[in-house]
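# Residue-level structure breakdown
Below are the chains, spelled out letter by letter.
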Amino acid sequence: MTLAKATRRMPEAAPTPQNAENVPVTLEVVERDAELLAYLQMGDDYLGAIGYTEHGMRHANLTAHIAGNILRRLGYDERVAEVAAIAGFLHDIGNCVSRADHWISSAFIAQGALLRLGMDFADVAMIMNAVGNHEEDASDPSTAAAAAVVIADKADVHQSRVRTLDPVDFDIHDRVNHAAKRSFLRVDSDTRLLTLELDVDTSETQIIDYFEIFLERMQLCRRAATVLDARFSLVINGTKLL
Ligand SMILES: [Fe+2]
Ligand SMILES: [Fe+2]
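What counts as what
- Residues numbered from 1 in each chain as written.
- Chains lettered and ligands numbered in written order.
- Predicted model: local features only at pLDDT ≥ 70, side-chain atom pairs only at ≥ 80, totals over all residues.
- Heavy atoms only, no water.
- Helix = DSSP H or I, 4+ residues; strand = E, 2+ residues; numbered from the N terminus.
- Buried < 20%, exposed > 50% of the residue type's maximum accessible area, 1.4 Å probe, protein only.
- Donors = N, O, S within 2.8 Å, 3.2 Å for Na, K, Ca; no water.
- Tetrahedral: all angles 85-135°; square planar, octahedral: opposite > 155°, others 65-115°.
- Pairing = 2+ DSSP bridges.
- Right-handed = clockwise from strand over helix to strand, strands pointing away.

Okay, the environment of glutamate 78 next. Here glutamate 78 is to be found in helix H6 (residues 78–90). According to the relative accessible area criterion, glutamate 78 is partly exposed, its value standing at 44%. Sequence-wise, glutamate 78 and glycine 68 are 10 residues apart; in three dimensions their C-alpha atoms are separated by 8.6 Å.

In structure tokens:
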């Protein structure tokens, strides 16, 4: 069930200084914020130390831009697309606290910073919800922003995310990411088809490895696409697998 169908409108809220300002906080403002950048850096350093792939500025920026573009190409309102982009930028910021339940800590870190920046409460709420529903462990996207963040996040499979230097030390995540030489999310506005295109070097990994760690993610992407009244498809080395 989508959020719109599941809820009724709240009564008109009293204006508050925060809402009265109604500052249109943009992705550009958020991605230059010193506090948020410090948290993002800590989260990426921490994940590097415990053996995860890159989750820093590159991943945050890419997720932000893909999420915003998905919604723009599917004809959503520009502000909704911008809100999704901001959620995409912030979705993993809670890794600075802990990897466990980082979607929850991400939501509350985002809330604090966005309120400080003067963002409209409704936009903050939308971002908290999108960030809190981005991982397959605990995700049930019901808004356009949440769905776009899920798909954008899971589309980032690429060799540049691997930090392990020696292939001998690669785990399955390293192997699959390192073998992905190109990843591209194609959004067809007319047919509303979202296709994740991957070029995978099969001398480095087998396609079955990809499915071992990504099957759940792809299922989540399919669910997310339905929220956008769209379909999700996966093409690896030119072959349609989903
Ligand atoms: Fe995450
Ligand atoms: Fe992520």
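Having seen the structure, we can now continue with the description.
At the metal site, the iron ion (ligand 2) is ligated by His59 (NE2), His91 (NE2), Asp92 (OD) and Asp153 (OD), and these contacts range over 2.1 to 2.2 Å. Around the iron ion (ligand 2), the 4 donor atoms sit at angles spanning 82 to 172 degrees, and that spread fits a shape best called irregular. Read in sequence order, the donor residues for the iron ion (ligand 2) give the motif H-x31-H-D-x60-D. On the basis of relative accessibility, which here comes to 0%, the residue histidine 91 falls in the buried class.

This part covers the coordination of the iron ion (ligand 1). Protein coordination of the iron ion (ligand 1) is provided by Asp92 (OD), His102 (NE2), His134 (NE2) and Glu135 (OE), with donor distances spanning 2.0 to 2.2 Å. Bound by 4 donor atoms, the iron ion (ligand 1) shows angles of 90 to 167 degrees at the metal and therefore irregular coordination geometry. Taken as a pair, the iron ion (ligand 1) and the iron ion (ligand 2) show a spacing of 3.9 Å, with aspartate 92 coordinating each metal. With histidine 102 in helix H7 (residues 102–116) and glutamate 135 in the loop between helix H8 (121–132) and helix H9 (144–155), this residue pair connects regions lying 33 residues apart in the sequence. Taking the relative accessible area as the measure of exposure, histidine 102 reaches 1% and is therefore buried. Exposure remark for glutamate 135: the relative accessible area of 9% places this residue in the buried category.

This part covers the pairing of strand S3 (residues 231–236). Judged by how many residues are buried, S3 sits mostly within the fold: 5 of 6 residues are covered. Of the strand pairs in this sheet, strand S2 (residues 193–200) and S3 are connected by 6 bridges, and their pairing is parallel. Looking at S3, one finds that threonine 195 is bridged to serine 233. Regarding the hand of the β-α-β motif, the stretch spanning S2, helix H11 (residues 207–227) and S3 is right-handed. As judged from the 2 bridges shared by S3 and strand S4 (residues 239–240), these two strands associate in the antiparallel manner. Bridge pairing links valine 235 to lysine 240 in S4.

Unlike most non-glycine residues, aspartate 101 shows phi in positive territory, near 55 degrees. Turning to its location among the elements, aspartate 101 is positioned in the loop between H6 and H7. The partly exposed category is assigned to aspartate 101, whose relative accessible area is 46%. Positive phi, normally seen in glycine, also occurs at arginine 192, with a value near 55 degrees. Considering the arrangement of structural elements, one finds arginine 192 in the loop between strand S1 (180–188) and S2.

Turning our eyes to something else, we now look at the sheet that holds S4. With respect to topology, 4 strands assemble into an open sheet ordered S1-S2-S3-S4, the strand pairing being mixed. Of all the strands in the sheet, the pair left with one neighbour each is S1 and S4. In this sheet, S2 lies alongside S1 in antiparallel orientation, the contact comprising 8 bridges. Each residue of the ladder has a partner; that of aspartate 188, found in S2, is leucine 193.

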